[in-house]
Every structure is written in C-alpha cells, then in structure tokens.
Amino acid sequence: MNVQQPYRIKSIKEYHKILGIGAPEHPMISVIDLTDITPYKSKDSVKVIFDFYIISLKKVDSGDVQYGYGQQKYDFDNGILFFIAPNQVFSFKADEDFKSSGSMLLIHPDFLWGSALAKTIKKYEFFNYAVNEALFVSEKEELVLNSFIKNIEQEYHSHIDKFSEAIIISQIESFLNYSDRFYMRQFLTRKISGNQILDKLEKILDDYFADDNIINKGLPSVQYVAGLLNCSPNYLSGVLKTFTGQNTQQHIHEKIIEKAKEKLSTTTLTIGEIAFELGFEYPQSFSKLFKSKTNLSPGEFRTFFN
C-alpha cells in the first residue's frame, strides 16, 4: 500500500509560485486574495506541510471542497475561518466546480521573532483545531476580521519603516484576540452541541472505568477521549472550559476521584488494588493525585468516611 508523503512548502515565495501569482512584496508576510488564484482541483486528497502560519477567511462560491481529518465537506455560505500552524499536515481535495473567495494571511515565524507575539501565539489553541472545527463567522464578525487583514496589507504595501513591523504585529495580535472572542461565541451559541459532548464524555469515561481490562489499558488520555468524540484535543478542551470551567484532563481526573471515592467507601480493596483497578501503573501516583484533589490521602479519606 502506497502512502502519500506530505509535500513541504518552505517559504511564502514558494507558495506564491505554486499558486501562480507574483512574488510576495514582503518575504515573511503576505495577504492573498483567493479570487486571484486558480484553486488546485483533484479527485485525490493532497497533503501539505507549511513552514509558516496560514489564516484563511473564505467562502465557497460553488462546488465542493473537503478538508482535514475525515475529509468532510463544509458549508462556507457564511464566512469560515481556520488556522494552520507550521509543521501541521493539512489535507484537502476539491471538485471541478470549486471556486472560493476571501483572503489568506501568510505569516512566517521569523517575522514575529523578537516580539511578545512570538511566544504568546502558542496560547491560541485554535491553531491546533481540526479544520472541521473552524470558526463560522457572522457578517459583522467578518467585517471586523477583514479590517485587520486590510490594515496589514496596506501597511506592507506602503513604505516600510521602523514602525511597520510593530504595527503589523499589533494588527495580527488583535486579529487573533477577536478570533478568540468569536470562538467563545460559537461555543456558547452551539450550546446543544456542547451539552451533547459533555453527555458523551461522561459515558465514555464511565465505560472506560467499568472495563475489566483497564489494568492493561492504563489511564484514559485526552487524545483517546477526543478521538472517540471525533474532535481535536484542543477543541474539546475549549468546549469543556466554556461550559464547565475545566479542560479535558481535569474532567478525567474528576472522574478518577469519583470512582476512587466509590471504591474506598464501598470495598475492602487495598489502596494499591484500587490504584491498579483505576489504571494507574504505580499506587504512589494515584495517592498523589487523590491528595492533590481532596487534601486527603486515600487512607485518610477511607478512615474519615467510615
């Protein structure tokens, strides 16, 4: 079986050339109007790795396009915003009728070098969301985001001076902060979906800890849970934090403590036996987690309860 190796695009200039447009005015930042390019169309999925950030705010005017994990189709009638970080594998395919409009903002990491954003950009978890977890923006939100893109484009089109880089970076940071705000709105407006995720998460964890083979399986990981819920770990944590104030790992720990209390209060199993039944490799790790969450050791809890 032949597995297609992702094609790596190392520079913004190289990407411009692949898209059939002129060289970028600035080697490390560029805004591309999607109506100026002829989209790549293929029946087969294409995998690409970029060495730079891509922020895409687009609509599909006609045809179908499939992106990312599971190659799912998306409705782009209202603007959709998604983010690609360097070294991520991005896959897509489009049919013959595919046409899109909107903009792509390309940012090479070297452009941010020495700025505060070079470090803080990693806090924006949506760079690690799957494309099917993209942000669906309203018309008003799209206007706000497009204003930042236009400001960035105008700034590097004009005479570059000692203020240009700082101004552009501040516009990028504002764009990301507004995106964060709009994602929070999406989590809240899709409350039914969020509640369904919570219900499914509870069932997944209950089933996991009820499995007799848990000793061999070990503790459930965030990646394992997210995979069963068909979403990326970062997106799942974002949804959970919006509704409960806790991320996925904290929910897993909460379930572990719940099951531990149940076993400590209703069985005569030793602390070590309980630890192994909950998937811990070492009883000390279980005791440490239990005390950090309850301020009591497992033994103290059992004594106090009885």
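This text follows the structure it describes.
Every chain begins its residue count from 1, and numbering advances along the sequence as written. Local features in a predicted model are, by the rule used here, given only for residues with pLDDT of at least 70; side-chain atom pairs are given and counted only at 80 or more, and totals for whole chains, interfaces and linings are based on all residues. The side-chain quantities take in all heavy atoms of the structure and omit both hydrogens and water.

Sorry, what's going on with the overall build of the protein chain here?
For the purposes of this entry, the term helix denotes a DSSP run of H or I that reaches at least four residues, the term strand denotes a run of E that reaches at least two, and both are numbered from the N terminus. Summing up its helical and strand segments, the protein chain has 12 helices and 10 strands in all. Each residue is placed in one exposure class: buried if its accessible area under a 1.4 Å probe, protein chains only, is under 20% of its type's maximum, exposed if it is over 50%, and partly exposed if it falls in between. Going through the 306 residues of the protein chain one by one, you find that 44% of them count as buried. By definition in these notes, contact holds between two residues if any of their heavy atoms fall within 4.5 Å. Restricting to contacts in the protein chain with at least 6 residues of sequence separation, those with at least 24 account for 75%. Accessible surface computed for the protein chain: about 16,800 Å², of which carbon and sulfur atoms make up 51%. Areas reported here follow the Shrake-Rupley algorithm with a probe of radius 1.4 Å; residue values treat only the protein chains shown as occluding.

What is the right way to look at the packing of aromatic side chains in this model?
In this description, a pair of aromatic rings is defined by centroid distance and the angle of the planes. Whether two aromatic rings pair depends on their centres lying within 6.5 Å, for rings of Phe, Tyr and Trp, where Trp uses its six-membered ring; planes under 30 degrees apart make the pair stacked, over 60 edge-to-face, and the rest tilted. With the rule as written, the count across this model stands at 18 aromatic pairs. A ring pair is formed by Tyr178 and Phe182, whose centres lie 6.0 Å apart and whose planes are at 50°; its orientation type is tilted. You can see Tyr178 and its partner Phe182 sitting in helix α4 (residues 164-189), 4 residues apart, about one turn around the helix. Owing to a relative accessible area of 30%, Tyr178 belongs among the partly exposed residues under this scheme. Within the aromatic cluster, the residues linked to one another by ring pairs are Tyr53, Phe83, Tyr124, Phe126, Phe127, Tyr129, Tyr183 and Tyr235. Over a ring means this: the NZ of a Lys or the CZ of an Arg is within 6 Å of the ring centre and within 35 degrees of the ring normal. Of note, Lys217 hangs over the ring of Tyr208, and the distance from its end group to the ring centre comes to 4.0 Å.

Can you walk me through the side chain of Lys255 in this structure?
Inspection of the secondary structure puts Lys255 in helix α9 (residues 248-266). Each polar contact in these results corresponds to two N or O atoms within 3.5 Å; when the atoms are within protein, one needs to be able to donate a hydrogen and the other to accept it, and residues that are neighboring in sequence are counted only if both atoms are side-chain atoms. Here Asp206 takes part through its side chain, which lies 3.0 Å from a polar atom of the side chain of Lys255.

Quick question: what am I supposed to make of the nonpolar core here?
Soluble globular proteins tend to bury their nonpolar side chains together. Membership of the largest hydrophobic core comes to 63 residues, with the highest contact counts inside it found for Phe127, Ile172 and Leu176. The element best represented in this core is α4, accounting for 8 residues. Setting aside residues up to four positions removed in sequence, Leu176 forms contacts with Ile55, Phe83, Leu117, Ile121, Tyr124, Phe126 and Phe127. Throughout, nonpolar core names a set of buried Ala, Val, Leu, Ile, Met, Phe, Trp, Tyr and Cys residues whose side chains join them through atoms within 4.5 Å. Ranked by size, the runner-up nonpolar core spans 19 residues in total, among them Ile12, Ile37, Ile84 and Met104.

Would you mind showing me how to read α9 here?
Residues lying three or four places apart along an α-helix face the same way, a consequence of the helix completing one turn every 3.6 residues. In this scheme, a helix's expected span is set at 1.5 Å multiplied by one less than its residue total. In a regular helix each residue adds 1.5 Å, so 19 residues correspond to 27 Å; α9 covers 27 Å between its end C-alpha atoms and thus fits that length. Considered for burial, the residues of α9 that qualify are Thr248, His251, Ile252, Lys255, Ile256, Ile257, Lys259, Ala260, Lys263 and Leu264. Where α9 begins, one side-chain oxygen reaches toward the backbone nitrogen of Gln249, 3.2 Å away; that side chain belongs to Asn247.

Help me understand unusual backbone geometry in this model?
Glycine aside, the phi torsion of most residues is negative, and most peptide linkages are trans. At Asn87, a position not held by glycine, the phi torsion is positive, near 75°. Within the secondary structure layout, Asn87 lies in the loop between β7 (80-84) and β8 (89-94). Residue class for Asn87 comes out exposed when judged on its relative accessible area of 52%.

Which parts of the structure should I look at to understand the pattern of salt bridges?
A side chain of one charge can pair with a side chain of the opposite charge when the charged atoms of the two come close. Between Lys or Arg on one side and Asp or Glu on the other, a salt bridge is scored when a side-chain nitrogen of the former is within 4 Å of a carboxyl oxygen of the latter. Inspection of every chain in the model, using the stated rule, returns 10 salt bridges. With a closest N to O distance of 2.7 Å, Glu141 and Arg185 form a salt bridge. With Glu141 in helix α3 (residues 139-157) and Arg185 in helix α4, this pair connects stretches of sequence that are 44 residues apart. Put simply, Lys263 and Glu277 hold a salt bridge, and the shortest N to O gap is 2.9 Å. Here Lys263, found in helix α9, pairs with Glu277, found in helix α10 (residues 271-277); they are 14 residues apart in sequence, far enough to count as distant. Taking relative accessible area as the criterion, Lys263 reaches 19% and is therefore assigned buried.

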